[in-house]
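Coordinates in review
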Amino acid sequence: MRKICLIAGAALCLTLCGCGKREYTQSLFAMDTVMNFTIYAENDAALSDVKTEIERMDALLDRGNENGEIYAVNKNKTAEVSAETADLIRAAVEISEKTDGAFDISMAAVSDLWGFYGGNFRVPADSELQTALSGAGYEKIRLDGNKITIPQNAAIDLGGIGKGCASDRAADILKNSGVKSAVMSLGGNVYTLGKRPDGEEWKIGIADPRDTSSVIGTVKVSDTAVVTSGGYQRFFESGGRTYHHIIDPATGKSAESGLSSVTIVSKSSTSADGLSTALFVKGLEDSVRLWRENGEFEAVFVTSDGGIFITEGLSDTFETERGYEIIKRGI
Ligand code: AMP
Ligand code: MG
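In this report, the structure presented in the accompanying data block is examined. The model shown is predicted, which means the values in this text are computed figures rather than measured ones. (Residues numbered from 1 in each chain as written. Chains lettered and ligands numbered in written order. Predicted model: local features only at pLDDT ≥ 70, side-chain atom pairs only at ≥ 80, totals over all residues. Heavy atoms only, no water.)

Concerning the site of ligand 1
Around ligand 1 sit 13 residues, and of these Asp 104, Asp 157, Ser 229, Ile 247 and Thr 277 come closest. With respect to ligand 1, the backbone of Asp 104 contributes an N or O atom lying 2.8 Å from a nitrogen atom. Within the backbone of Gly 160, an N or O atom sits 3.1 Å from an oxygen atom of ligand 1. Taking 500 Å² as the accessible area of ligand 1 by itself, protein coverage stands at 91%. Residue composition of the shell around ligand 1, by class: 5 nonpolar, 5 polar and 3 charged. (Near = heavy atom within 4 Å. Polar contact = N/O pair within 3.5 Å; in protein donor to acceptor, adjacent residues only side chain to side chain. Areas by Shrake-Rupley, 256 points an atom, 1.4 Å probe, with all protein chains shown as cover. Nonpolar A, V, L, I, M, F, W, Y, C, P; charged D, E, K, R; others polar.)

See below:
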């Protein structure tokens, strides 16, 4: 017996799930997205701790919050930040290095030209993009302990990795509170804690980029993050063309790599979040090369023409009614 009833901002006690525990849910809006948390526990205390922590992290990392640390970095170009912010920036730079710069948190000024942060969408001139790009580049970010320094004409944006970090943090809070079964969705970032109350693994749907009310397939997971990046998640149209929010740092324009979405399945939400954004930029071929060199994640790719490709490690857990190809580790 399972019945979900969500009311924004409130933790609700719902039906008994047959395991002596109850289902409690919490939904909130933070980090520019709707977040939903469902736990199976004896009470809902952990949910209010999660909400408090997510709101604290949002305030810390939102580059538009004048009291936040990223705002201070962007304004002063150098700032002493908390260890957690420094660690997240360090993790972001590591993903940049691993993906040859496909992931780059220094694209904030470029993203702003397109209006993706504030919502004032427009198509910038190439000359504007070149100016913004000349200040950017993850390799110019300096980290000395917790002191961050960025170039005078650069700005950073943790939108491509912050929700993953928030998921990891929420999962830690739940685990430390003794919660053994939970699922959370922070925009395109899903994290599953333990197994479902009936002892089965969680079945997580991967949205169809062409029709987000349906799924292209599902993966069965536990204690795992399932994070999707796709051009369909935020975009605008102008002059008959569609422009989306994932920027190719090589051009300053929406990445056009032949992919509609990338889903990363990994133990770490932070790394899955950064990687899903990066691999969306890289495209299928380069992503497969990176996956073959790296044992830490699995992936589902949906190409612009609707093709589905999954990495070998998901072959037992991926279910779909459509045709798909399995990418093998050995060539
Ligand atoms: P995601 O939804 O995790 O794929 O991340 C997309 C968000 O990350 C955008 O809304 C921007 O804030 C930021 N972003 C866009 N392009 C990049 C990029 N190439 N590297 C890092 N962050 C990016
Ligand atoms: Mg991401």
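Considering the coordination of the magnesium ion (ligand 2)
The coordination sphere of the magnesium ion (ligand 2), as far as protein atoms go, consists of Gly 160 (O), Asp 273 (O), Asp 273 (OD) and Thr 277 (OG1), spread over 2.0 to 2.4 Å. Donor residues for the magnesium ion (ligand 2) sit on one chain with the sequence pattern G-x112-D-x3-T. Placement of both Asp 273 and Thr 277 in helix α7 (residues 269–282) is noted, with a separation of 4 residues, approximately one turn of the helix. (Donors = N, O, S within 2.8 Å, 3.2 Å for Na, K, Ca; no water. Helix = DSSP H or I, 4+ residues; strand = E, 2+ residues; numbered from the N terminus.)

Structural notes on the packing of aromatic side chains
Counted by the stated rule, this structure contains 7 aromatic pairs. Relative to Phe 236, the ring of Phe 116 has its centre 5.7 Å away and its plane inclined at 50°; by these criteria the two rings are tilted. Of the two residues, Phe 116 is situated in the loop between α4 (108–114) and α5 (126–135) and Phe 236 in strand β12 (residues 235–238); the sequence distance between them amounts to 120 residues. Of the two residues, Phe 116 and Phe 236, both sit in the buried class. An aromatic cluster of at least three residues, connected via ring pairs, comprises Trp 114, Phe 116, Phe 121, Phe 236 and Tyr 243. Seen from the ring of Tyr 117, Arg 63 lies directly overhead, with NZ or CZ sitting 4.2 Å from the centre. The ring of Trp 291 has Arg 329 lying over it, and the distance from NZ or CZ to the ring centre is 4.0 Å. (Phe/Tyr/Trp six-rings, centres within 6.5 Å; stacked < 30°, edge-to-face > 60°. Buried < 20%, exposed > 50% of the residue type's maximum accessible area, 1.4 Å probe, protein only. Lys NZ or Arg CZ within 6 Å of the ring centre and 35° of its normal.)

Some words on helix α3 (residues 83–98)
Over its 16 residues, α3 runs 22 Å from end to end, which matches the ideal 22 Å to within 8%, given 1.5 Å per residue. The set of residues buried in α3 consists of Thr 85, Ala 86, Leu 88, Ile 89, Ala 92, Val 93, Ile 95 and Ser 96. In this fold, the buried residues of α3 make contact with α1 (45–61), α2 (69–76), β5 (142–144), β6 (147–149), α6 (162–176) and α7. One or two residues past the end of α3 sits Asp 100, with phi positive at roughly 50°. (Expected span 1.5 Å × (residues − 1). Contact = heavy atoms within 4.5 Å.)

As for the pattern of salt bridges
Considering all chains together, one arrives at 20 salt bridges under this definition. The salt bridge partner of Arg 90 is Asp 87, with a shortest N-O separation of 3.2 Å. Here Arg 90 and its partner Asp 87 are both found in helix α3, 3 residues apart, which amounts to about one turn of the helix. With its nearest N and O atoms 3.2 Å apart, the salt bridge here joins Lys 203 to Glu 319. (Salt bridge = Lys/Arg side-chain N within 4 Å of Asp/Glu carboxyl O.)

Some details on unusual backbone geometry
Unusually for a residue other than glycine, Met 31 sits at a positive phi of about 50°. Tracing the backbone through its elements, the reader meets Met 31 in the loop between β2 (22–30) and β3 (33–41). With phi around 70°, Lys 77 is a residue other than glycine that occupies positive phi space. By the element assignment, Lys 77 lies in the loop between α2 and β4 (78–80).

A look at the nonpolar core
Counting 68 residues, the largest nonpolar core has Phe 37, Ile 54, Ile 89, Ile 141 and Leu 174 as the members making the most contacts within it. In terms of residues, this core owes the most to one element, α1, which gives 7 residues. When residues no more than four places from it in sequence are discounted, the contact partners of Leu 174 are Ile 39, Ala 46, Val 50, Val 179, Ala 182, Met 184 and Leu 193. Core analysis: the next-biggest nonpolar cluster, separate from the first, contains 17 residues, Ile 204, Val 221, Val 300 and Ile 308 among them. (Core = buried A, V, L, I, M, F, W, Y, C linked by side-chain atoms within 4.5 Å.)

Quick word on the side chain of Ser 167
Assignment of secondary structure puts Ser 167 in helix α6. Ser 167 sits in the buried class, given a relative accessible area of 0%. Excluding anything up to four places from it in sequence, Ser 167 contacts Met 184, Leu 186, Asn 189, Tyr 191 and Ser 269.

As for the environment of Ala 171
Along the polypeptide, Ala 171 turns up in helix α6. Its relative accessible area of 1% is what places Ala 171 among the buried residues. Sequence separation between Ala 171 and Leu 61 is 110 residues, and the spatial gap between their C-alpha atoms is 19 Å.

Description of the packing of α6 against α7
Interaxial distance between α6 and α7 falls to 7 Å at its minimum, and their mutual angle equals 165°. Here α6 lies roughly antiparallel to α7, going by the angle between them. In the crossing of α6 with α7, the sense of the turn from one axis to the other is right-handed. Contacts from Gly 162, Lys 163, Gly 164, Cys 165, Ser 167 and Asp 168 in α6 reach Ser 269, Thr 270 and Asp 273 in α7. Per-class residue counts for the contact of α6 with α7 are 1 nonpolar, 5 polar and 3 charged. (Axes fitted to C-alpha atoms, helices over the stretch in contact; angles between N-to-C directions. Parallel < 35°, antiparallel > 145°, perpendicular 65-115°, else oblique. Left-handed = near helix turned anticlockwise from the far one by under 90°.)

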